[in-house]
Amino acid sequence: ARFGVKVPFTICACCVLPPGGNLATAGEDGTACIWNAKDAKKLFEIRAHEGGVLCIVSFPNGKCFLTGGCDGYAKIWKFQSAKPSLFGCLNHGFAVTGAVVYPDARQLLSLGLDGVAKVWRVENEEFLCQGGAGLSALGISRFGGNIFTASLEGSIERFSDDGKQLSVWDGHVGPINVIIVFPDESRVLTAGEDGLTIVWSMSGTRHIKLGPFDSPVLCADVSACCQW
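**Q** Even after reading the chapter, I still don't get the overall build of the chain, so can you show me in this structure?
**A** Helix and strand counts for the chain stand at zero helices and 20 strands. The C-alpha radius of gyration computed for the chain amounts to 17 Å, which stays within 12% of the reference 17 Å derived for 228 residues, consistent with globular compactness. Taken over the C-alpha atoms alone, the chain extends approximately 45 × 40 × 30 Å along its principal axes. Within the structure as shown, the chain displays about 11,400 Å² of accessible surface, and the carbon and sulfur contribution to it stands at 52%. Distance from the positive charge centre (19 side chains) to the negative charge centre (22 side chains) of the chain: 8 Å.

Here it is, written out as structure tokens:
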């Protein structure tokens, strides 16, 4: 490891912030922290939510990031003079466990503990629509055109940007914890409570199946070169 970040509380999630590659972490103590990628020095700490911060997601342009909390809010933080400040506050209504930002950064999806995904317009915090039941994870392609939802029952659904269902995939038993679209949009990775990690083609064909492992797979990622 190049460096490690040690804090006196559980880190619930983390993400890399473009373009510099600094690390953002979400803590169970309600804080979000920004760490220098070169020396692991803490740059900023913000009191993001009442209760734990369950997810943290970078905007594609690197100008903002989003946090989701136990308090039922998804909050957008914008870097103003290098320091993050609150830019938007979206009331999902249930603890926010995940989110994805559209490639153009104009809209985003929030996922609640209620298993419902909600679509928001970023500019004015307008709630646009909601969908799904029993959802457990979200994914979106880097250049747009494909949105993925994963369910507590183990199915994956692929949608177009306008919400049209394109396909349904089955391969897991029980909740899916992770769904990631490869950076080159060639494949999709899923991992779940059944201990399986599966790599799919964009058409839904299973390419690689790892496991089952002895315990649930809670997190996973794909390298920028798409080889790891």
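**Q** Help me understand the sheet that holds strand S17 (residues 176-181), please; the structure alone is not making it clear to me.
**A** The strands making up a sheet associate through backbone hydrogen bonding, with each pair oriented either parallel or antiparallel. Taken in spatial order, the four strands make up an open sheet running S17-S18-S19-S20, and their pairing is antiparallel. This sheet does not close on itself; its edge strands, each paired only once, are S17 and strand S20 (206-210). When strand polarity is set aside, the average angle formed by the axes of neighbouring strands in this sheet is 15°. Here S17 runs beside strand S18 (residues 187-192); their pairing, made up of five bridges, is antiparallel. What sits directly across from isoleucine 176, in S18, is glycine 192.

**Q** What's the story with the packing of aromatic side chains in this structure? I'm lost.
**A** Centre-to-centre distance and the angle between the planes together describe a pair of aromatic rings. Scanning the entire structure with this criterion turns up four aromatic pairs. Seen in terms of ring centroids, phenylalanine 65 and phenylalanine 79 are 5.7 Å apart; in terms of plane orientation they differ by 50°. Their pairing is tilted. Placement of the pair is phenylalanine 65 in strand S6 (residues 64-69) and phenylalanine 79 in strand S7 (residues 73-80), with a sequence separation of 14 residues. Site record: aromatic cluster; members linked through ring pairs are Phe148, Trp169 and Trp200. A cation over a ring is seen here: lysine 118 above phenylalanine 127, with NZ or CZ 5.7 Å from the ring centre.

**Q** Teacher, can you tell me more about the layout of surface pockets here?
**A** Over the atoms rolls a probe the size of a water molecule, and in doing so it shows where empty space is left. Its boundaries defined by the atoms lining it, the largest pocket holds a volume of some 2,000 Å³. Lining the largest pocket are 50 residues, and of these Cys14, Ile56, Val57, Ile180 and Asp221 lie nearest its centre. Listed by contribution, the elements that provide at least two residues to the lining of the largest pocket are strand S1 (11-17), strand S5 (53-58), strand S9 (96-101), strand S10 (107-112), strand S13 (135-140) and S17. Class assignment of the residues belonging to the lining of the largest pocket gives a composition of 38 nonpolar, ten polar and two charged. Estimated volume of the second largest pocket: approximately 320 Å³. If you go around the second largest pocket, you meet 19 residues; those closest to its centre are Leu109, Val119, Gly131, Phe159 and Gly163. Elements that contribute at least two residues to the lining of the second largest pocket include exactly S10, strand S11 (117-121), strand S12 (126-131), strand S14 (147-151) and strand S15 (155-159). The element contributing the most residues to the lining of the second largest pocket is S12, with three residues. The residue inventory of the lining of the second largest pocket, partitioned by class, reads nine nonpolar, seven polar and three charged.

**Q** In this structure, what is going on with the nonpolar core? I would like to understand it.
**A** One recurring pattern in soluble globular proteins is that nonpolar side chains are buried together. Formed by 15 residues in total, the largest nonpolar core has its most connected members in Phe59, Leu66, Ile76, Leu90, Val101 and Leu108. Elements with a minimum of two residues in this core: S5, S6, S7 and S9. By residue number, the principal contributor to this core is S9, which donates three residues. Once residues within four sequence positions are removed from consideration, phenylalanine 59 is found in contact with Pro18, Cys64, Phe65, Leu66, Ile76, Val101, Ala105, Leu108 and Val122. Counting residues in hydrophobic clusters, the runner-up holds 13 residues, among them Ala24, Ala32, Ile34 and Ile56.

Rules behind the numbers
- Residues numbered from 1 in each chain as written.
- Predicted model: local features only at pLDDT ≥ 70, side-chain atom pairs only at ≥ 80, totals over all residues.
- Heavy atoms only, no water.
- Helix = DSSP H or I, 4+ residues; strand = E, 2+ residues; numbered from the N terminus.
- Rg over C-alpha atoms; globule rule 2.2 N^0.38 Å.
- Areas by Shrake-Rupley, 256 points an atom, 1.4 Å probe, with all protein chains shown as cover.
- Lys, Arg positive; Asp, Glu negative; His and termini not counted.
- Charge placed at Lys NZ, Arg CZ, Asp CG, Glu CD.
- Pairing = 2+ DSSP bridges.
- Axes fitted to C-alpha atoms, helices over the stretch in contact; angles between N-to-C directions.
- Phe/Tyr/Trp six-rings, centres within 6.5 Å; stacked < 30°, edge-to-face > 60°.
- Lys NZ or Arg CZ within 6 Å of the ring centre and 35° of its normal.
- 1 Å grid on protein atoms, 1.4 Å probe; cavity = no way out; pocket = protein on both sides within 12 Å on 5 of 7 lines; lining within 4 Å.
- Points joined across faces, edges and corners; volume = space filled by probe spheres on them.
- Nonpolar A, V, L, I, M, F, W, Y, C, P; charged D, E, K, R; others polar.
- Core = buried A, V, L, I, M, F, W, Y, C linked by side-chain atoms within 4.5 Å.
- Buried < 20%, exposed > 50% of the residue type's maximum accessible area, 1.4 Å probe, protein only.
- Contact = heavy atoms within 4.5 Å.

By themselves these figures say nothing about function.
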